[in-house]
Amino acid sequence: MCRRPDPFGVGHPVQALTRYADEVDASLMVTGTRGASFFRGVVFGSTAERIAKRSSRPVLMVRQIPHAAYRRVLVPVDFSEWSRSSIDLAQKVAPQATLVLTHAVEIPYEGRLRLSGVAESVLARYRQAAVLEARARLQGVASVKVTPRLRTNSGDTCRVAALHDQGIGLQPSFLIGPDLLAGTLVEVMPAWRSIDLGVYAVCPSRKFVAPRSG
């Protein structure tokens, strides 16, 4: 982000702002969403929207002054090379927020298949396969750097912290099962599994046991 001293200059707002952002190599452009009339916004699009379309820089459109830090950020991904950059940018803008990744799933030529008389059950299977594939690919881009704000060896403490939106945690299903069923907690990486750790039993050595007398 960058700040330019007043006066800003004279020219078309969209062209002037995007050109200056390129000149200073801005990492983020922040704009408001007020100012244009309703009719102008509908017909031509707001200045903020045109900046977002024309600029080669990330643009954050703010409708009002935030009253607190961002708690949740929705990040649409299409599995292109820009998806990882979008996630990284969201983490930088709102480092303490929960990132919600979303991807729209569509069956190729679904309309033509339906017009051709393909059974709805067949389309449902195609759709389910597409959803499963998308979920698997989401796991591939969902590597998120976690900075712990709470360190404890109490599972109950971690559970309470998660219930109060303090972050994500790794908890056994028997401890948070009721919360998952109630919807107060959700799985963010359901396909991820922790490393299996062996459990070993330790017992005293028999070398100190007195030998049996025959």
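Above this note sits the structure.
These lines cover the structure that appears in this document, whether it is placed above or below. For clarity, every value in this text was computed on a predicted model and none was experimentally measured. (Residues numbered from 1 in each chain as written. Predicted model: local features only at pLDDT ≥ 70, side-chain atom pairs only at ≥ 80, totals over all residues. Heavy atoms only, no water.)

## Here we look at the overall build of the protein
Each helix and strand counted, the protein has eight helices and four strands in total. When the elements of the protein are put in sequence order from the N terminus, they spell out α-β-α-α-β-β-α-β-α-α-α-α. Considering only contacts in the protein between residues 6 or more positions apart, those separated by 24 or more positions represent 57%. Summed over all atoms, the accessible surface of the protein reaches about 17,400 Å², with 57% contributed by carbon and sulfur. (Helix = DSSP H or I, 4+ residues; strand = E, 2+ residues; numbered from the N terminus. Contact = heavy atoms within 4.5 Å. Areas by Shrake-Rupley, 256 points an atom, 1.4 Å probe, with all protein chains shown as cover.)

## As for the packing of helix 7 (residues 155–163) against helix 8 (residues 173–182)
At a minimum axis separation of 11 Å, helix 7 and helix 8 run at an interaxial angle of 25°. Taken together, helix 7 and helix 8 sit at an angle that is classed as roughly parallel. Crossing of helix 7 over helix 8 shows right-handed handedness. Every residue of helix 8 that contacts helix 7 at Gly155, Asp156, Arg159 and Leu163 is listed here: Leu175, Ile176 and Asp179. Among the residues making up the contact of helix 7 with helix 8, the classes are represented as three nonpolar, one polar and three charged. (Axes fitted to C-alpha atoms, helices over the stretch in contact; angles between N-to-C directions. Parallel < 35°, antiparallel > 145°, perpendicular 65-115°, else oblique. Left-handed = near helix turned anticlockwise from the far one by under 90°. Nonpolar A, V, L, I, M, F, W, Y, C, P; charged D, E, K, R; others polar.)

## Some remarks on the nonpolar core
Judged by nonpolar contacts, Val73, Val75, Val77, Phe79, Ile87, Ala90, Ala94, Ala97, Leu99, Ala134, Leu138 and Val141 together constitute the single largest core of twelve residues. Contributions of two or more residues to this core are made by strand 3 (72–76), helix 4 (81–93) and helix 6 (120–141). Per-element accounting of this core gives the leading share, three residues, to helix 6. Each residue touching Val77, except ones within four places of it in the same chain, is listed here: Ser83, Ile87, Thr102, His103 and Leu138. Within the second largest apolar cluster, five residues are counted, among which are Val14, Ala21, Ala26 and Ile51. (Core = buried A, V, L, I, M, F, W, Y, C linked by side-chain atoms within 4.5 Å. Buried < 20%, exposed > 50% of the residue type's maximum accessible area, 1.4 Å probe, protein only.)

## Let's talk about the pattern of salt bridges
Scanning all chains against the criterion turns up eight salt bridges. When the shortest N-O distance is used, the salt bridge between Glu120 and Arg114 registers 3.4 Å. Glu120 sits in the partly exposed class, given a relative accessible area of 44%. For Arg159, the salt bridge is made with Asp179, and the minimal N-O distance between the two is 2.6 Å. Highlighted residues: Arg159 in helix 7 and Asp179 in helix 8, separated in sequence by 20 residues. In the salt-bridge network here, residues are joined through shared partners; they are Glu110, Arg114, Glu120 and Arg127. (Salt bridge = Lys/Arg side-chain N within 4 Å of Asp/Glu carboxyl O.)

## Focus: helix 6
The first and last C-alpha atoms of helix 6 sit 31 Å apart over 22 residues, in line with the 32 Å expected at 1.5 Å per residue. Within helix 6 the residues assigned to the buried category are Leu123, Ala130, Ala134, Leu138 and Val141. All buried residues of helix 6 project into a common sector of 80° when viewed along the axis, lining one side. Along helix 6, exposed side chains directed more than 90 degrees from the buried face belong to Arg125, Arg135, Ala136 and Gly140. Contacts made by the buried residues of helix 6 are with helix 4, strand 4 (98–102) and helix 5 (110–115). (Expected span 1.5 Å × (residues − 1). Arc of directions from axis to C-beta.)

## Here's the deal with the packing of helix 1 (residues 13–23) against helix 3 (residues 47–54)
The geometry of helix 1 relative to helix 3 is characterised by a closest axis approach of 10 Å and an angle of 45° between their N-to-C directions. On the basis of the axis angle, helix 1 is oblique to helix 3. The hand of the helix 1/helix 3 crossing is right-handed. Facing helix 1, whose interface residues are Pro13, Val14, Gln15, Leu17 and Thr18, helix 3 presents Thr47, Arg50, Ile51 and Arg54. By residue class, the composition of the contact of helix 1 with helix 3 is four nonpolar, three polar and two charged.

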